[in-house]
Amino acid sequence: MGEILVEVATDQPFGHGVPAQLGISGDALNVAAAAAAAGARVGLLSVLTDDDLGQAIAGRIAELGISTRLLKFRRGQQGVYLVHSDPDGEREFSYARSGSVGSTLGPDDVDPTVFSSAGAVVAGGIACAISTTARAAVVKAASLAARFVYDPNFRPRLTTVADAAAALTELAPLAFMVTPSFPGETAALLGVSTPSEAVATLRSLGAANVAVTCGAKGVQLDSGVDSVWVPAIPAPAVVDQTGAGDAFVGTLTARLVLGDDLPTAARYGAAASSLVVGGKGGTGFIPTFEQTRAHAAASAHAVEGAVSSHS
């Protein structure tokens, strides 16, 4: 659940007459697309404009294998962002989303029957930041969900540290899994300097499981019983890093719902994350689960070979 945005992407610095590619993105869509590709049945709760643009976005959602039954259509403006990616995949964003139709999401849009019966519900800090009603919708969904997965996804241009930290504190006790990033989010929202400190703090707040994503290094997992380090998987190609974290969250959640254990699900999440950066835009390339599984297996074999050779 969350806001869907129109994406205008370019590999050149912003300027008049610069060629750009139109896409559909946003953290909620990126997560849902990854979860669907990983084999889960996925619905997406979001509010779109009641016009041709809204219908085009709904069409793209369906193309990605996501059910459109939960979508809402209302009069308003669709949120938009412009993104410039340099040759290394680093990005610069500019948003036009204040008062967007997506921000009208509210508690009444959360169907208790749907959300209580779902294998998991995923929401993020962006949904909490776009409006007070959207945050209330996330809290309601979290209270209903059998498994609630929360990605803090802190955006300084969208909300304050205090508000983002307050949302995390409120939602952690309701969360089956929290997925903060290190060092940015863990330092800003939790005031800690190591992944292990982030795990301890979130566990003390009530989170059942924690996955601290550490960029190109890997992921620190903690279930309260076991603590496991999952190394990152090198990306075959880096075109645009948009959506990498979302792919991890979506794939991880889908594979947990489908029965994989936490380390295995996280390994698949890391593999999917390293593949999506090879496409342009948040949903420019969504690997199939066969591709993700093969990439994870190839990386594991490479590591085993390196260890064997060293021995």
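As a reminder, the structure under discussion sits directly above these lines.
Residues numbered from 1 in each chain as written. Predicted model: local features only at pLDDT ≥ 70, side-chain atom pairs only at ≥ 80, totals over all residues. Heavy atoms only, no water.

What follows covers the overall build of the protein. Counting its regular elements, the protein contains eleven helices and twelve strands. A compact globule built from 311 residues would reach a C-alpha radius of gyration of about 19 Å, and the protein, at 18 Å, matches this within 12%. With respect to the principal axes defined by its C-alpha atoms, the protein has extents near 65 × 45 × 35 Å. Evaluated residue by residue, the protein yields a buried proportion of 50% over its 311 residues. (Helix = DSSP H or I, 4+ residues; strand = E, 2+ residues; numbered from the N terminus. Rg over C-alpha atoms; globule rule 2.2 N^0.38 Å. Buried < 20%, exposed > 50% of the residue type's maximum accessible area, 1.4 Å probe, protein only.)

Attention now goes to the environment of Ser-46. Note on placement: Ser-46 falls in the loop between α1 (27-37) and β3 (47-49). On the basis of relative accessibility, which here comes to 0%, the residue Ser-46 falls in the buried class. Along the backbone, Ser-46 and Phe-14 are 32 residues apart, and their C-alpha atoms lie at a distance of 29 Å. In this structure the side chain of Ser-46 is engaged in a polar contact, spanning 2.7 Å, whose partner is the backbone oxygen of Gly-2. (Polar contact = N/O pair within 3.5 Å; in protein donor to acceptor, adjacent residues only side chain to side chain.)

Per the stated rule, a full pass over the model turns up six salt bridges. As a salt-bridge pair, Arg-74 and Asp-109 come within 2.4 Å of each other at their nearest N and O atoms. Separated by 35 residues along the polypeptide, Arg-74 in strand β4 (residues 72-74) and Asp-109 in the loop between β6 (91-96) and α3 (112-117) bring together distant segments of the chain. In this structure Arg-74 comes out as partly exposed when scored by relative accessible area, which is 26%. The exposure class assigned to Asp-109 is buried, which follows from its relative accessible area of 10%. (Salt bridge = Lys/Arg side-chain N within 4 Å of Asp/Glu carboxyl O.)

Helix length check: helix α2 (residues 52-63), at twelve residues, gives a terminal C-alpha distance of 16 Å against a target of 16 Å (1.5 Å per residue), a fit within 8%. Along its buried surface, α2 packs onto β1 (5-10), β2 (21-25), α1, β3 and β4. Its side-chain oxygen 3.1 Å from the backbone nitrogen of Leu-53, Asp-51 forms the N-cap of α2. Backbone geometry just downstream of α2 places Gly-65 in the positive-phi region, at approximately 80°. (Expected span 1.5 Å × (residues − 1). Contact = heavy atoms within 4.5 Å.)

One open sheet accounts for six strands, arranged β7-β8-β9-β10-β11-β12; its pairing is mixed. Whereas interior strands pair on both sides, the edge strands pair on one side only; in this sheet they are β7 (121-124) and β12 (227-231). Relative to strand β8 (residues 148-151), β7 runs parallel, the two sharing four bridges. By the bridge assignment, Val-122 is partnered in β8 with Val-149. On the sheet, helix α9 (residues 244-257) packs against β7, β8, β9 (177-178), β10 (209-213) and β11 (218-222) and is oriented at approximately 170° with respect to β8. (Pairing = 2+ DSSP bridges. Axes fitted to C-alpha atoms, helices over the stretch in contact; angles between N-to-C directions.)

Another aspect to go through is the nonpolar core. Looking at soluble globular proteins, one finds that nonpolar side chains tend to be buried together. Grouped together as the largest cluster of nonpolar side chains are 39 residues, with contacts concentrated most on Met-1, Val-138 and Phe-148. Taken together, the elements giving at least two residues each to this core come down to β7, α4 (125-130), α5 (132-144), β8, α6 (161-171), α7 (184-190), α8 (195-205) and β10. Excluding anything up to four places from it in sequence, Val-138 contacts Met-1, Ala-123, Ala-127, Cys-128, Phe-148 and Leu-171. Counting residues in hydrophobic clusters, the runner-up holds 21 residues, among them Ile-24, Leu-48, Ala-58 and Leu-64. (Core = buried A, V, L, I, M, F, W, Y, C linked by side-chain atoms within 4.5 Å.)

What follows deals with the pairing of β12. Taken together, the five bridges between β11 and β12 define a ladder with antiparallel strand orientation. Residue pairing in the sheet places Leu-221 in a bridge with Val-228 of β12. Where β11 folds back onto β12 in an antiparallel hairpin, the turn is made up of four residues, including Gly-224, whose phi is positive at roughly 90°.

What follows covers the side chain of Glu-185. Within the secondary structure, Glu-185 is located in helix α7. The charged side chain of Glu-185 is buried without a salt bridge, its nearest counter-charge being Arg-155 at 4.7 Å. When neighbours within four sequence positions are excluded, Glu-185 is seen to be in contact with Asp-151, Pro-152, Asn-153, Phe-154, Thr-179, Pro-180 and Leu-190. (Lys, Arg positive; Asp, Glu negative; His and termini not counted.)

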